Amino acid sequence: SFQKGRRWMDWREELSEFIKEYREIRTQNKMGHLVEEAFKAIPSFQEKLIFLIDKQTQKQKQVIEGKIKFIFLCRTLSSDYTGSYESILGMSDDMLYLDEKKSQVFWHPVLFDRGIDEDLRTAEKILRKNFLRLEEYELFYIKRQLLSDDWELFMKCFQIMSEQSVSLIRNSGLRLEDELSFLYGNYMDNLKIIWHSERGESDG
């Protein structure tokens, strides 16, 4: 089993090497449209924020503690398998995952997976010039790499959307910490702080 695992690791590295240039070009092309795509996604993003604000407003009526500290967007790795490509958007106090009063909602940012099937076909064509046979699990591995590239790119979109939406949160009537931190990463993993807003700063 060790040798089988070793061959699989070598095989993955070989597949990745052949589409490395394509992934780089694809990423560069998408980077050119990031700001435009972020602004397109703001209405959908704010719709989910309003839902979370309503939920937290109700919870804060029942509990005195628990000022909002974090707004987080997390990738759910299981969504790659289900094809839903959903992420989790949430609000919590400074306890984050341990916050029993946190609110979260599934959100599918359409731009995240737009064109993924077409891009996978392009990657497959590149690979078939070098490999006569490709298994479904190998193609799925490549698809996950493309989705991971998109998720890294979407971090900048989330920052732009957060900057443009923080006043919505500040003016909502929620009890908030003076500093709001916007976090990004994989669900139940260590999240990156991609932006933070101090009370009184000029918002979005």
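For the structure itself, look to the data block above.
In this numbering scheme, every chain counts its residues from 1 along its sequence in written order. For this predicted model, a pLDDT threshold of at least 70 governs which residues receive local features, and a threshold of 80 or more governs which side-chain atom pairs are given and counted, while totals over whole chains, interfaces and linings are taken from all residues. For side-chain calculations, the full set of non-hydrogen atoms in the structure is used, while hydrogens and water are omitted.

(A) View of helix α2 (residues 20-31). A rise of 1.5 Å per residue sets the reference length of α2, with its twelve residues, at 16 Å; its end C-alpha atoms lie 17 Å apart and thus fit the reference within 8%. Exposure classes here rest on a 1.4 Å probe applied to the protein chains alone. A residue is buried below 20% of its type maximum, exposed above 50%, and partly exposed in between. Secondary structure counts use DSSP, requiring at least four H or I residues in a row for a helix and at least two E residues in a row for a strand, with both numbered from the N terminus. Every buried residue of α2 is accounted for by Y22, R23, R26 and T27. The buried residues of α2 occupy an angular sector of 130 degrees when projected down its axis, which confines them to one face. Of the exposed residues in α2, the ones pointing more than 90 degrees away from its buried face are E21 and Q28. For α2, the elements touching its buried residues are α6 (116-128) and α7 (136-170). Multiplying 1.5 Å by the helix residue count minus one yields the expected span of that helix. When we speak of the arc, we mean the arc of directions from the helix axis to the C-beta atoms. Two residues qualify as a contact provided that any one of their heavy atoms is within 4.5 Å of a heavy atom in the partner residue.

(B) Quick peek at the packing of α6 against α7. Axis definition: a line fitted to C-alpha atoms, limited for helices to the stretch in contact. Angles are taken between N-to-C directions and run from 0 to 180 degrees. Their axes nearest at 10 Å, the elements α6 and α7 cross at an angle of 125 degrees. In this view, α6 runs oblique relative to α7, as classed from their interaxial angle. Considering the relative orientation of α6 and α7, their crossing is right-handed. Residues I116, D117, D119, L120, A123, E124 and L127 of α6 pack against L139, I142, K143, L146, L147 and D150 of α7. Split by residue class, the contact of α6 with α7 holds eight nonpolar, no polar and five charged. For classification purposes, angles smaller than 35 degrees are called roughly parallel, those larger than 145 roughly antiparallel, those between 65 and 115 roughly perpendicular, and all remaining angles oblique. Crossing handedness is read from the near helix: turned anticlockwise from the far helix by less than a right angle, it gives a left-handed crossing, and turned clockwise, a right-handed one. In this classification, Asp, Glu, Lys and Arg are treated as charged, Ala, Val, Leu, Ile, Met, Phe, Trp, Tyr, Cys and Pro as nonpolar, and every other residue, Gly included, as polar.

(C) Structural context of the pattern of salt bridges. The term salt bridge refers to a side-chain nitrogen of Lys or Arg lying within 4 Å of a carboxyl oxygen of Asp or Glu. Under the definition given, this model contains ten salt bridges. In this structure, K69 and E179 form a salt bridge, with 3.4 Å as the shortest nitrogen-oxygen distance. Of the two residues, K69 sits in strand β1 (residues 68-75) while E179 sits in strand β4 (residues 176-186), which places them 110 residues apart along the sequence. E179 gets classed as partly exposed once you look at its relative accessible area, which sits at 22%. Taken together, the salt bridges that share partners define one network made up of R26, K30, D119 and D150.

(D) View of the sheet that holds strand β5 (residues 192-198). The five strands are arranged β3-β2-β1-β4-β5 in an open sheet whose pairing can be described as mixed. A strand with exactly one partner marks an edge of an open sheet, and here the two such strands are β3 (103-107) and β5. Averaged over all adjacent pairs, the angle separating strand axes in this sheet is 15 degrees, with direction ignored. A pair of strands is treated as paired once DSSP finds two or more bridges between them. Bridge analysis of β4 against β5 gives six bridges, and the strand direction is antiparallel. The residue of β5 that forms the bridge with F182 is W195. Sitting on the sheet, helix α3 (residues 34-62) is in contact with β1, β2 (87-92) and β3, with an inclination near 155 degrees to β3. Sheet contacts for α7: β1, β2, β3, β4 and β5; angle to β4, the most-contacted strand, approximately 165 degrees.

Any functional reading would require information that these geometric values do not contain.
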